[in-house]
Amino acid sequence: MFPEYDVIVVGAGHAGCEAAHAAAKMGAKVLLCTMNMNTIAQMSCNPAMGGVAKGQIVREIDALGGLSGIISDKSMIQFRMLNRSKGPAMWSPRSQNDRMRFAEEWRLALEQTPNVDFWQEMVNGIVVKDNRVVGVKTGIGLEIQGKSVVLTNGTFLNGIIHIGEKQFGGGRTGESAAKGITEQLVSLGFEAGRMKTGTPPRVDGRSLDYTKMEIQEGDEVPEKFSYSDETRPLTEQRNCWITYTNKEVHETLETGFDRSPMFNGRIQGLGPRYCPSIEDKINRFAERERHQIFVEPEGWNTVEIYVNGFSTSLPEDVQYKAMRKIPGFENAKMFRPGYAIEYDFFPPTQLKLTLETHLVENLYFAGQINGTTGYEEAASQGLIAGINAALKVKEEDPFILKRSDAYIGVLIDDLINKGTEEPYRMFTSRAEFRLLLRQDNADLRLTQLGHKIGLADDTRLEKMLDKKSNTAKLINDLKQKRLSPDIINEGLDEFETATVKEKISVEKLLKRPQLGLKEIMALDEELKAYLSKYSKEVLEQAEVQIKYKSYIEKEQQMVEKLNSMENFQIPVHFDYLAIPALSSEGKQKLHKIRPETLGQASRISGVSPADLSILTVYLGR
């Protein structure tokens with residue numbers, strides 16, 4: 001009935017979709033298994049993509065040739081560039097999306113990808129021979145052969161949904177939990193744990209009073225995620241709104257604390273620290289009189305509203321009463337209550353940097369199974385797992401992104417070397433080279449790598465090379481272009497920056513904190529006319545590279561120092577336990593994680609500088 005597949009992907013969420021697309025685009029025969037074909041790429045929680053550090057990840061996926069950026073652009077209803085008031089390392093794109101269109105666009109894209117087959121059924125086990133995965137088992141007893149398997153089970157592994165004192169099995173509201181895989185993996189020697197996440201109520205937008213809320217519009221000149229020409233920025237956008245909880249809301253919520261699974265011990269898994277439930281917020285931050293609520297439309301035409309900031313697992317009657325005391329929500333009608341969900345995960349220290357497991361060859365984990373939270377984190381792992389599964393089948397070198405290459409590299413390095421005891425979320429602060437890893441230069445950093453492995457096409461490479469050469473030309477032009485005092489001094493006065501006594505290059509002016517290219521163009525009409533031939537992306541790229549040149553060079557020097565350790569390979573079967581001078585914890589962690597380089601070893605929690613020195617001496621021998 002089935003051929004032997006190169007890659008079998010289990011789960012069709014954000015990780016599974018990226019894994020299936022990447023492997024297929026690289027020429028692998030792929031089977032995507034899902035319990036429900038109608039929920040492929042479902043946005044299980046908020047109808048949005050990107051945000052702080054997450055937007056950088058979406059752009060990185062796009063630069064490599066993945067689809068999350070394109071799908072986000074096609075289903076976008078609003079775009080905002082967050083943190084514009086800060087430096088460019090902090091700028092983060094974020095979109096509101098049409099939930100139904102997002103899922104539809106993903107399904108259509110996968111259906112149009114050659115080499116992708118689909119199978120709708122629960123997978124309840126893998127087939128392993130001689131410590132190598134050779135296929136999967138399904139609920140009706142089928143065995144499907146595959147040279148590699150990528151598990152992207154999301155919150156479905158033994159998922160339990162909690163609403164107040166009620167609890168029932170499920171991976172998402174209205175959908176069954178997946179059983180069998182955890183138990184089998186544990187029997188094979190894997191360590192498993194439990195985590196928790198949650199989602200807020202959904203309400204009828206027709207029942208809200210928006211006059212009592214602050215309007216939150218999209219950017220005046222919206223951008224997009226994808227570097228390709230396949231998508232266009234929005235010409236029309238939908239508004240979001242902001243409102244706040246108050247003391248009365250908090251007091252009402254507290255009446256349900258005795259029935260809260262969060263507080264009476266029924267939920268054992270750890271929840272996301274940076275996206276806590278509303279009951280957790282008012283408990284942990286009792287001194288705060290109000291919390292922000294983002295009122296987000298679920299799409300272009302639907303009346304359904306996502307109540308961002310009101311995630312909860314309290315009894316539904318308490319949710320309803322408390323929500324109706326939020327300004328604008330006095331007459332709110334609830335479509336469905338919020339809930340918490342507990343699910344199994346596998347500590348990611350059990351993986352290689354390719355996301356292949358140490359214990360079972362050709363078995364890959366991606367997404368929430370690794371203890372992460374968020375669509376973007378999941379999608380990026382799916383992409384890397386799919387790429388590496390395809391490369392392994394083709395017997396080619398693995399694809400590994402370093403911390404200095406991408407936020408995706410930071411994410412995977414953190415997971416494997418440090419593990420996580422709570423749902424891992426990406427932040428700009430996690431990246432030590434964040435000025436190099438900006439959202440505006442992901443194509444310059446990664447498209448050539450994506451093209452080399454057969455994921456990013458020729459058109460993408462040409463577009464990136466054009467941007468690179470045009471940026472270099474513009475930077476050179478701005479060094480040569482000199483402006484006269486008699487033309488620019490009046491304007492410099494207005495911008496509250498020092499006037500000049502002789503001609504000055506545009507490059508030197510750009511290094512002044514008060515001036516950007518926009519302000520300098522306002523000083524000289526001739527310059528403005530000349531620069532108008534360059535694209536917005538090239539102008540922005542040149543400005544950032546000139547303005548932050550010294551900082552960028554310092555980070556690049558740090559990367560070069562780090563790379564000397566990253567290039568120091570450790571033999572695959574190196575025996576750490578045979579080095580008596582290593583600390584007990586150092587031996588244990590090194591033996592478990594089996595770092596591939598000295599650089600990776602240096603970032604493992606529990607490996608001390610003394611351990612690293614001893615290891616360097618032994619490797620030198």
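Here the structure is a predicted model, which is why all the values come from computation and not from measurement. (Residues numbered from 1 in each chain as written. Predicted model: local features only at pLDDT ≥ 70, side-chain atom pairs only at ≥ 80, totals over all residues. Heavy atoms only, no water.)

**A word on the overall build of the protein chain**
Here is step 1: For the protein chain, the count of helices and strands is 21 helices and 22 strands.
Here is step 2: Out of the 621 residues belonging to the protein chain, those deemed buried represent 58%.
Here is step 3: Intrachain contacts of the protein chain at a sequence separation of at least 6 include 72% that bridge at least 24 residues.
Here is step 4: Here the protein chain contributes 79 positive and 86 negative side-chain charges, whose respective centroids are spaced 2 Å apart. (Helix = DSSP H or I, 4+ residues; strand = E, 2+ residues; numbered from the N terminus. Buried < 20%, exposed > 50% of the residue type's maximum accessible area, 1.4 Å probe, protein only. Contact = heavy atoms within 4.5 Å. Lys, Arg positive; Asp, Glu negative; His and termini not counted. Charge placed at Lys NZ, Arg CZ, Asp CG, Glu CD.)

**So, the packing of helix H2 (residues 54–64) against helix H11 (residues 442–452)**
Here is step 1: Interhelical geometry of H2 versus H11 gives an angle of 35 degrees and a closest axis separation of 7 Å. Here the hand of the crossing between H2 and H11 comes out right-handed. Residues Arg59, Glu60, Ala63 and Leu64 of H2 lie in contact with H11, whose contacting residues are Ala442, Asp443, Arg445, Leu446, Thr447, Leu449 and Gly450.
Here is step 2: When the residues that make up the contact of H2 with H11 are grouped by side-chain class, the tally is five nonpolar, two polar and four charged. (Axes fitted to C-alpha atoms, helices over the stretch in contact; angles between N-to-C directions. Left-handed = near helix turned anticlockwise from the far one by under 90°. Nonpolar A, V, L, I, M, F, W, Y, C, P; charged D, E, K, R; others polar.)

**So, the domain arrangement of the protein chain**
Note on interface size: it is often stated as the accessible area lost on association of the parts.
Here is step 1: Split into domains, the protein chain comes out as domain 1 (5–200 + 343–452), domain 2 (206–339), domain 3 (458–550) and domain 4 (568–618).
Here is step 2: Spacing between the C-alpha centres of domain 2 and domain 3 amounts to 42 Å.
Here is step 3: Taken together, the five residues of domain 2 in the interface contact four residues of domain 3.
Here is step 4: Of the roughly 390 Å² buried between domain 2 and domain 3, counting both surfaces, carbon and sulfur atoms make up 42%.
Here is step 5: Here domain 2 and domain 3 share two salt bridges between them.
Here is step 6: With its nearest N and O atoms 3.2 Å apart, the salt bridge here joins glutamate 223 to lysine 536. (Domains from an automatic or database assignment. Buried area = accessible area lost by both parts, 1.4 Å probe. Salt bridge = Lys/Arg side-chain N within 4 Å of Asp/Glu carboxyl O.)

**As for unusual backbone geometry**
Here is step 1: Not every positive phi belongs to a glycine, and asparagine 83 is a case in point at roughly 65 degrees.
Here is step 2: Mapping asparagine 83 onto the fold places it in the loop between strand S4 (76–82) and strand S5 (92–97).

**Some details on the packing of H11 against helix H12 (residues 458–480)**
Here is step 1: Closest axis-to-axis distance for the H11/H12 pair is 9 Å, and the angle between their directions is 150 degrees. One way to sum up the angle between H11 and H12 is to call them roughly antiparallel. Note that H11 runs across H12; the crossing there is left-handed. The residues of H12 that touch H11, namely those facing Asp443, Leu444, Thr447, Gln448 and His451, are Asp458, Arg460, Leu461, Met464, Lys467 and Lys468. (Parallel < 35°, antiparallel > 145°, perpendicular 65-115°, else oblique.)

**A short note on the packing of aromatic side chains**
Here is step 1: Evaluation of the coordinates by the stated rule reveals eight aromatic pairs.
Here is step 2: Centre to centre, the rings of phenylalanine 2 and tryptophan 119 are 5.0 Å apart; their planes meet at 90 degrees, and the pair counts as edge-to-face. Of this pair, phenylalanine 2 sits in the segment before strand S1 (5–10) while tryptophan 119 sits in strand S6 (residues 116–120), placing them 117 residues apart in sequence.
Here is step 3: It is arginine 430 that lies over the ring of tyrosine 424; its NZ or CZ is 4.1 Å from the centre. (Phe/Tyr/Trp six-rings, centres within 6.5 Å; stacked < 30°, edge-to-face > 60°. Lys NZ or Arg CZ within 6 Å of the ring centre and 35° of its normal.)

**With respect to helix H19 (residues 584–593)**
Here is step 1: Of all the positions in H19, only Gly586, Lys587, Leu590 and Ile593 are classed as buried. Down the axis of H19, the smallest arc covering the buried residues is 155 degrees, so these residues share one side. With respect to the buried face of H19, the exposed residues turned more than 90 degrees away are Ser584 and Gln588.
Here is step 2: Following H19 by one or two positions, arginine 594 adopts a phi angle in the positive range, close to 50 degrees. (Arc of directions from axis to C-beta.)

**Regarding the pairing of strand S8 (residues 132–138)**
Here is step 1: Bridge count for strand S7 (residues 123–129) against S8 is six bridges, and the pairing is antiparallel. Bridge assignment links valine 123 to a residue of S8, and that residue is threonine 138.
Here is step 2: Joining the antiparallel neighbours S7 and S8 is a turn of two residues, in which aspartate 130 adopts a positive phi near 50 degrees. (Pairing = 2+ DSSP bridges.)

**Re the pattern of salt bridges**
Here is step 1: One pass over the structure, following the stated rule, counts 38 salt bridges.
Here is step 2: Residue glutamate 356 pairs with lysine 392 through a salt bridge whose shortest N-O separation is 2.7 Å. Separated by 36 residues along the polypeptide, glutamate 356 in the loop between strand S19 (339–345) and strand S20 (363–365) and lysine 392 in helix H9 (residues 375–393) bring together distant segments of the chain.
Here is step 3: The partly exposed category is assigned to lysine 392, whose relative accessible area is 29%.
Here is step 4: With its nearest N and O atoms 3.1 Å apart, the salt bridge here joins lysine 473 to aspartate 477. Here aspartate 477 and lysine 473 lie together in helix H12, a separation of four residues that amounts to about one turn.

**A look at the sheet that holds S4**
Here is step 1: Spatial ordering of the open sheet is given by S3-S5-S4, a layout of three strands whose pairing is antiparallel. One side of each edge strand has no neighbouring strand; the edge strands of this open sheet are strand S3 (48–50) and S4. Taken over all neighbouring pairs, the strand axes of this sheet differ in orientation by 20 degrees on average, direction set aside.
Here is step 2: With three bridges joining them, S3 and S5 adopt antiparallel strand pairing. By the bridge assignment, methionine 49 is partnered in S5 with serine 95.

**Comments concerning the state of the cysteines**
Here is step 1: Evaluated as defined, the whole model comprises zero disulfides.
Here is step 2: Its sulfur unpaired, cysteine 17 is 13 Å from the next cysteine sulfur, which belongs to cysteine 33.
Here is step 3: With relative accessibility at 0%, the residue cysteine 17 sits in the buried group.
Here is step 4: Under the relative-accessibility criterion, cysteine 33 is labelled buried at 2%. (Disulfide = S-S within 2.5 Å.)

**Re the environment of isoleucine 144**
Here is step 1: If you trace the backbone, isoleucine 144 turns up in strand S9 (residues 143–151).
Here is step 2: In this structure, the C-alpha to C-alpha distance between isoleucine 144 and phenylalanine 2, residues 142 residues apart in sequence, is 6.6 Å.
Here is step 3: Isoleucine 144 has contacts with Phe2, Tyr5, Ile8, Leu31, Trp119, Val134, Gly135, Val136 and Thr138, leaving out every residue within four places of it along the chain.

**A closer look at the UniProt feature "binding site: FAD" (unreviewed entry) in the protein chain**
Here is step 1: This chain's UniProt record puts "binding site: FAD" (unreviewed entry) on Gly11, Ala12, Gly13, His14, Ala15 and Gly16.
Here is step 2: The residue glycine 13 is located in the loop between S1 and helix H1 (14–25) in this model.
Here is step 3: In this fold, histidine 14 is placed in helix H1.
Here is step 4: Here histidine 14 is in contact with Ala41, Gln42, Met43, Met49, Phe102, Tyr375, Ala378 and Ala379, once residues within four sequence places are set aside. (UniProt positions renumbered as here; feature names shortened; annotations may be inferred.)

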